[in-house]
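# Chain and residue survey
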Amino acid sequence: VRSRDRELQQQQALIGMTPNAMGVVGNRRSTEDFEIGDVLGEGSYSTVTLATTVHPPYRQYALKVLDKEHIKRERKTKYVLIERDTLKTLDGHPGVIKLWWTFQDEWSLYYVLEYAENGELLKWIKKYGSFDLRSARYYVAQILSAVEYMHEKGVIHRDLKPENILLDRNMRVKITDFGTAKLLRQDEIKDGQPAPAEVQPGGRPRARSFVGTPEYVSPEILSEGRESSFSSDFWALGCVLYQVLAGHPPFQARTEYLTFQKIINLQYDFPPGFPAHARDLVEKLLVVDPLARLGGDPANGNGIEAIKSHPFFTERLRPTRSSLSEAGAQ
Ligand code: ATP
C-alpha cells in the first residue's frame, strides 16, 4: 500500500495535484473526493455515512447527506441553514463537531463533518448503566466548556441531550445537531441575555416555539410568553448531569404532556447514593426561573463562572486504584 501511495503521490505531484493533510486536493469538494462507507445513522431528513478521502492519508469524515426535495417538501430549509451557519460560526473549539466543507449537487446537500468514532454519549450510558463520579465530571466539564464557547459566540443550542453529544476516538466530547439552535448577533445580546423581541405597534410578540426534546426542554419554553435563553442550555446540562449518574433522565413519563407537567412542577427524585455535590449542582441547575438558575443571570454576578466554580467540578476526588498504583510504581 505504501508504494502504491508513493506512486500516486508522485503522479499527483507531477500534475500539481498533491493532496493535503486532510486527504483532499484543490478547493472545491464533491462526492468524487470520498469513498462512501457504512451508514452511521439516520436523521429525520438526512443520512450520515462514513466517508474516506480517495487520496492519502485516507482521512475519515462523517458525510451528512440531505435530500433537497425532502427538505423543501417538509419545509426544513430554515433548520438546514441554521445548522450550517452555527457550525461555521463555532469553528474554534474541540468540543463542537467541526464542519469541514459543504457542497451540493442537483439532488442533495452535503455536509462533511468531523467523524466522531465513538458515537453518541447515550450509547455509553446505556452500555454502563451509569457513570462513576470521576467519569461524570470528565464528560460534563467538557460539555460545559463547549457550551461556554457556544454562548460566547451567541449560539443557544436548545437541544442538548446525550444523543447530540458525540465522542471521538479518544472519548472526547463533540457536540452536534445545531438544527434547532438559535444564532444571535452580538447586538441581539444584552446583559448576557437575548435582547427582548421588538414588538411592532399593533403587533404581537413573537410566538414562542417548542424546540428540542420533551425530556430536556426547560420550563420557560413550556410556559406562556417566554423564549429560550442561554440559561435553557444550563437546564439541559442539569438533565444530562443527572442522567449520566442516574442512568435515566430526571423527567420521564408515558406521554409528552405528562413529561411537561413533571418539568413545570419540578417533579423528580434522586436515586439512593447520588453523590452529594452532584446533587447540589443538579438542584441549582434544575430551577424553574431561568434567572435564578445557576449561571442564568450574568448581569448580576450569576454567569457561567458560578457553574464552573461549583464543588462538583472543584472537589478533590480520592485517587483511583490505578493512579495509586501508578504513584507507587514511580
Ligand atoms: P434529527 O435530524 O432528526 O434531529 P439527527 O440530528 O440525529 O436527527 P443526523 O445529524 O442526520 O440526524 O445524524 C444521524 C445520526 O448519525 C446521529 O444520530 C449520529 O448517531 C450519527 N452521526 C451524526 N453525525 C456524526 C458524526 N459527525 N460522527 C459520527 N456519527 C455521526
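The rules behind each value
The residue count restarts for each chain, going from 1 along the sequence in the order it is written. pLDDT decides what is reported in this predicted model: residues at 70 or higher carry local features, side-chain atom pairs at 80 or more are listed and counted, and totals for whole chains, interfaces and linings draw on all residues regardless. Just so you know, side-chain values use all the structure's heavy atoms and leave hydrogens and water out. Helix and strand labels come from DSSP, where a helix needs a run of H or I of at least four residues and a strand needs a run of E of at least two; each type is numbered from the N terminus. Each residue's exposure class comes from its accessible area (1.4 Å probe, protein chains only) as a fraction of the maximum for that residue type: buried when under 20%, exposed when over 50%, partly exposed otherwise. The criterion used for residue contact is that any of the two residues' heavy atoms lie within 4.5 Å. Under the convention used here, a 1.4 Å probe and the Shrake-Rupley method define accessible areas, while residue burial counts only the protein chains that appear. pLDDT is a residue-level measure of predictor confidence that goes from 0 to 100. Nearness is defined per residue: one heavy atom within 4 Å of the molecule or strand is enough. The term polar contact refers here to a pair of N or O atoms within 3.5 Å; inside protein, the definition further demands a hydrogen-donor-capable atom paired with an acceptor-capable atom, and it admits residues adjacent in sequence only when both atoms are side-chain atoms. Of the two site types, the cavity is a set of points on a 1 Å grid over the protein atoms alone where a 1.4 Å probe fits but cannot get out, and the pocket is an open set with protein on both sides within 12 Å along at least five of seven lines, each lined by residues with an atom within 4 Å of a point. In this scheme, a molecule is assigned to a cavity or pocket if more than half of its atoms are within 2 Å of the grid points. Grid points are joined across faces, edges and corners, and a volume is the space filled by probe spheres set on the points. Residues belong to one nonpolar core when they are buried, are Ala, Val, Leu, Ile, Met, Phe, Trp, Tyr or Cys, and are joined through side-chain atoms within 4.5 Å. What counts as a salt bridge is simple: a side-chain nitrogen of Lys or Arg found within 4 Å of a carboxyl oxygen of Asp or Glu. To get an axis, fit a line to the C-alpha atoms, keeping to the stretch in contact for a helix; angles then go from 0 to 180 degrees between the N-to-C directions. Roughly parallel here means an angle under 35 degrees, roughly antiparallel means over 145, roughly perpendicular means 65 to 115, and every remaining angle is called oblique. By convention, the crossing between two helices is left-handed when the near helix turns anticlockwise from the far helix through less than a right angle, and right-handed when the turn is clockwise. For this classification, Asp, Glu, Lys and Arg are treated as charged, while Ala, Val, Leu, Ile, Met, Phe, Trp, Tyr, Cys and Pro are nonpolar and the rest, including Gly, are polar. Should DSSP find at least two bridges between two strands, the strands are regarded as paired.

If you tally the helices and strands in the chain, you get 12 helices and 11 strands. By residue count, 45% of the 330 residues in the chain fall in the buried class. A separation threshold of at least 6 residues defines the contact pool for the chain, and within that pool the share at least 24 residues apart is 63%. Counting only carbon and sulfur atoms, one obtains 49% of the accessible surface of the chain, whose full area is about 18100 Å².

Okay, the confidence of the model for the chain next. Overall, the predicted model of the chain reaches an average pLDDT of 89, with 87% of residues at or above 70. Below pLDDT 50 for its whole length, residues 323-330 participates in one contact with residues either more than four positions away or in separate chains. Reported for the predicted complex are a pTM of 0.89 and an ipTM of 0.98.

In the neighbourhood of the ligand, 16 residues make up the surrounding shell, with Ser44, Ser46, Lys64, Glu114 and Glu120 lying closest. Here an oxygen atom of the ligand sits 2.5 Å away from a polar atom, N or O, in the side chain of Ser46. Burial of the ligand by the protein chains amounts to 81% of its free accessible area of 610 Å². Spatially, the ligand is embedded in the second largest pocket. Contributing elements (two or more residues each) for the shell around the ligand: β1 (34-42), β2 (46-53) and β3 (60-67).

A word on the layout of surface pockets. The gaps of empty space that remain are located by a probe, the size of a water molecule, rolled over the atoms. Its boundaries defined by the atoms lining it, the second largest pocket holds a volume of some 850 Å³. Together, 33 residues line the second largest pocket, and Gly43, Val48, Lys64, Thr176 and Asp177 are the ones closest to its centre. For the lining of the second largest pocket, the element with the highest residue contribution is β1, accounting for three residues.

Below, the discussion takes up the nonpolar core. Formed by 71 residues in total, the largest nonpolar core has its most connected members in Leu121, Ile143, Ile175, Phe178, Val244 and Ile307. Per-element tally for this core: the top contributor is helix α7 (residues 230-246), with 11 residues. When sequence neighbours within four positions are dropped, the list of residues in contact with Phe178 reads Ile82, Glu83, Thr86, Leu87, Leu90, Val96, Met150, Val155 and His157. Core analysis: the next-biggest nonpolar cluster, separate from the first, contains 10 residues, Val24, Tyr61, Leu63 and Phe103 among them.

A separate point is the pattern of salt bridges. Taken as a whole, this structure holds 13 salt bridges when the rule is applied. Its salt-bridge partner being Arg169, residue Glu117 comes within 3.3 Å of it at the nearest N-O pair. With Glu117 in the loop between β5 (108-114) and α4 (121-128) and Arg169 in the loop between β7 (165-167) and β8 (173-175), the pair connects residues that are 52 residues apart, well separated along the chain. Of the residues examined, Arg169 reaches a relative accessible area of 57% and is grouped as exposed. The residue Arg279 makes a salt bridge to Glu283 at a minimum N-O spacing of 3.2 Å. Of the two residues, Arg279 and Glu283 are both situated in helix α9 (residues 276-285); the distance of four residues between them amounts to about one turn of the helix. Each of Glu148, Glu305 and Lys308 takes part in one network of salt bridges that share partners.

Moving on, we come to the packing of helix α5 (residues 133-152) against α7. Running from amino to carboxyl end, α5 crosses α7 at an angle of 165°, the nearest separation of the two axes being 10 Å. Here α5 is positioned roughly antiparallel relative to α7, judged by the angle of their axes. Crossing of α5 over α7 shows right-handed handedness. Across from Leu133, Ala136, Val140, Ile143, Leu144, Val147 and His151 in α5, the residues of α7 making contact are Phe230, Asp233, Phe234, Leu237, Val240, Leu241, Val244 and Leu245. The class makeup of the residues in the contact of α5 with α7 is 13 nonpolar, one polar and one charged.

With that out of the way, let us pick up the sheet that holds β1. Pairing within the open sheet is antiparallel, and its five strands lie in the order β1-β2-β3-β5-β4. Single-partner strands in this sheet number two, and they are β1 and β4 (99-104). Across the sheet, the mean angle from the axis of one strand to that of its neighbour is 25°, orientation sign disregarded. Inspection of the sheet shows β4 paired to β5 by five bridges, in the antiparallel sense. The residue of β5 that forms the bridge with Trp101 is Val112.

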